[in-house]
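So the chains spell out like this:
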Amino acid sequence: QLQLVESGGGLVEPGGSLTLSCTFSGSGMDYYAIGWFRQAPGKEREGVACISAKDESTLYDDSVKGRFSISRDNAKSTVYVQMNSLKPEDTAVYYCAARVQLFRQCKLDEADYNRWGQGTQVTVSS
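Owing to the predicted nature of the structure, the values given are computational and were not obtained by experimental measurement.

**Student:** Help me understand the overall build of the protein chain in this model?
**Tutor:** A tally of regular secondary structure across the protein chain gives zero helices and 11 strands. Moving toward the C terminus, one meets the helices and strands of the protein chain in the order β-β-β-β-β-β-β-β-β-β-β. At 14 Å, the protein chain has a C-alpha radius of gyration in line with the 14 Å of a compact globule built from 126 residues. Along the first, second and third principal axes, the C-alpha set of the protein chain runs to 40 × 25 × 25 Å. Looking at the protein chain as a whole, 41% of its 126 residues are labelled buried. Excluding contacts between residues fewer than 6 apart, the proportion of contacts in the protein chain whose partners are at least 24 apart in sequence is 61%. Summed over its atoms, the accessible surface of the protein chain is roughly 6500 Å², and 43% of this surface lies on carbon and sulfur atoms. A distance of 4 Å separates the average location of the 13 positive side-chain charges in the protein chain from that of its 15 negative side-chain charges.

**Student:** Please clarify how the state of the cysteines should be interpreted in this entry.
**Tutor:** One covalent bond between the sulfur atoms of two cysteine residues makes up a disulfide. Considering all chains together, one arrives at two disulfides under this definition. In this model, Cys22 is linked to Cys96 through a disulfide, with the two sulfur atoms separated by 2.1 Å. Given an S-S torsion of about 65°, the disulfide between Cys22 and Cys96 has right-handed geometry. In this pair, Cys22 is assigned in strand 3 (residues 18–25) and Cys96 in strand 9 (residues 92–99), connecting sequence segments 74 residues apart.

**Student:** When you look at a nonpolar patch on the surface in this model, what are you seeing that I'm missing?
**Tutor:** Judged by side-chain polarity, Tyr31, Leu102 and Phe103 come together as a nonpolar surface patch covering roughly 290 Å² of accessible area. If you trace the backbone, Tyr31 turns up in the loop between strand 3 and strand 4 (33–39). A relative accessible area of 37% places Tyr31 in the partly exposed class.

**Student:** Help me out: how do you make sense of unusual backbone geometry in this one?
**Tutor:** Both trends apply: most residues other than glycine have a negative phi, and most peptide bonds are in trans. Phi at Glu56 is positive, roughly 55°, even though this residue is not glycine. Structurally, the position occupied by Glu56 is in the loop between strand 5 (46–51) and strand 6 (58–60). Accessibility expressed as a relative area gives 41% for Glu56, which makes it partly exposed. Phi angles above zero are rare outside glycine, and Ser85 is one such case at about 50°.

Cut-offs and rules
All residue numbers refer to positions counted from 1 along the written sequence of the respective chain. Restriction of local features to residues with pLDDT of at least 70 applies here, the model being predicted, together with a cutoff of 80 or more for giving and counting side-chain atom pairs; totals for whole chains, interfaces and linings are based on all residues. Only hydrogens and water are removed before side-chain values are computed, so all heavy atoms of the structure are retained for them. The helix and strand labels rest on DSSP assignments: H or I over at least four residues marks a helix, E over at least two residues marks a strand, and numbering proceeds from the N terminus. Our radius of gyration looks at C-alpha atoms and nothing else; its globule reference is 2.2 Å times the residue count to the power 0.38. Three labels apply to residues, based on accessible area from a 1.4 Å probe with only protein chains included: buried if under 20% of the type maximum, exposed if over 50%, partly exposed otherwise in between. By definition in these notes, contact holds between two residues if any of their heavy atoms fall within 4.5 Å. Where accessible areas are quoted, they stem from the Shrake-Rupley method and a 1.4 Å probe; at the residue level, only the protein chains shown are allowed to cover. Here Asp and Glu are counted as negative and Lys and Arg as positive; His is not counted, and neither are the chain ends. Taken as the charge location is NZ of Lys, CZ of Arg, CG of Asp or CD of Glu. Disulfides are defined as cysteine sulfur pairs within 2.5 Å. Nonpolar side chains (Val, Leu, Ile, Met, Phe, Trp, Tyr) within 5 Å and like charges within 9 Å form the patches, drawn only from residues with over 30% relative accessible area and no salt bridge. Whenever a carboxyl oxygen of Asp or Glu lies within 4 Å of a side-chain nitrogen of Lys or Arg, that contact is scored as a salt bridge.

See the structure below:
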């Protein structure tokens, strides 16, 4: 019964910042790895960032490393990705996903996740 809902997307100018939230229901959230992915029109879905549960270790794609920061607040059942210095090429639909397996280390591979949100649009344009 785990459900994930993304929020916080919108229109932002290049160089601006935006924070996305992924909130989910169901039990066991604090045990699961969470990933953020994105898909631009005409392109394949790609991994952006992920965070593990047990040690809260993180992974970032090279294209966003140093600009994006992922974090989790288990008390609020929410995972965030703070996006700074946004570029037009960051424009995409952003999805959060969970691997429903106890304390699995996260990966930037969509095949490793088995629960997905509906996505939220991020548009970076002047």
